[in-house]
Amino acid sequence: QVQLVESGGGLVQAGGSLRLSCAASGRTFSSYAMGWFRQAPGKEREFVAAISWSGGRTHYRDSVKGRFTISRDNAKNTVYLQMNSLKPEDTAVYYCAANEIFRLDPLYAYWGQGTQVTVSS
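Everything numeric in this text was worked out from a predicted model, so none of it was measured.

Draft legend 1. Broad picture of the overall build of the protein. Counting secondary structure elements, the protein contains 0 helices and 11 strands. Secondary structure of the protein in N-to-C order comes out as β-β-β-β-β-β-β-β-β-β-β. Taking 2.2 N^0.38 as the reference for a compact globule, 121 residues should give roughly 14 Å; the C-alpha atoms of the protein span a radius of gyration of 13 Å, in line with that estimate. With the C-alpha coordinates of the protein rotated into their principal frame, the extents come out at 40 × 25 × 25 Å. Counting only residues that meet the buried cut, the protein has 44% of its 121 residues in that class. Considering only contacts within the protein whose residues lie at least 6 apart along the sequence, 57% involve residues at least 24 apart. Working note: accessible area of the protein is about 6,100 Å², and carbon and sulfur atoms make up 48% of it. Across the protein, the 13 positively charged side chains and the 9 negatively charged ones have centroids separated by 3 Å.

Following this line, the structure appears as structure tokens:
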């Protein structure tokens, strides 16, 4: 089992920045690929970014490329999502997820409870 707890969400104006954190506990964090997903009201959960267990491979959805950066610190059992130049359309509940295999779809084995990000115009 892997337990995931997100933090760092909040209310920010358009153009601002936030850094989300996801702290993991349980089984060996460094053996898992990690992903960030988001879900806006009335919409399906969508992929945002993913990072391999070593951090050597990352992938982003097109709409966040150049604005968001995913990273991880295996010594701290934490994955981060740095979000810059935020737009109102980035408003959603953001979830981190863990999986043994690097993937871009929501079929991750473990999920956090989510953290709300609201971007005002």
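Draft legend 2. Quick peek at the environment of Val2. Turning to its location among the elements, Val2 is positioned in strand E1 (residues 2-7). Since its relative accessible area comes to 8%, Val2 is described here as buried. Linking Val2 and Ile70, residues 68 residues apart in sequence, is a C-alpha distance of 19 Å.

Draft legend 3. Representation of the state of the cysteines. What the rule picks out here adds up to 1 disulfide. At a sulfur-sulfur separation of 1.9 Å, the disulfide partner of Cys22 is Cys96. Because the torsion about its S-S bond is 45 degrees, the bridge between Cys22 and Cys96 counts as right-handed. Separated by 74 residues along the polypeptide, Cys22 in strand E3 (residues 18-26) and Cys96 in strand E9 (residues 92-99) bring together distant segments of the chain. Owing to a relative accessible area of 0%, Cys22 belongs among the buried residues under this scheme.

Scoring rules and cut-offs
- Residues numbered from 1 in each chain as written.
- Predicted model: local features only at pLDDT ≥ 70, side-chain atom pairs only at ≥ 80, totals over all residues.
- Heavy atoms only, no water.
- Helix = DSSP H or I, 4+ residues; strand = E, 2+ residues; numbered from the N terminus.
- Rg over C-alpha atoms; globule rule 2.2 N^0.38 Å.
- Buried < 20%, exposed > 50% of the residue type's maximum accessible area, 1.4 Å probe, protein only.
- Contact = heavy atoms within 4.5 Å.
- Areas by Shrake-Rupley, 256 points an atom, 1.4 Å probe, with all protein chains shown as cover.
- Lys, Arg positive; Asp, Glu negative; His and termini not counted.
- Charge placed at Lys NZ, Arg CZ, Asp CG, Glu CD.
- Disulfide = S-S within 2.5 Å.

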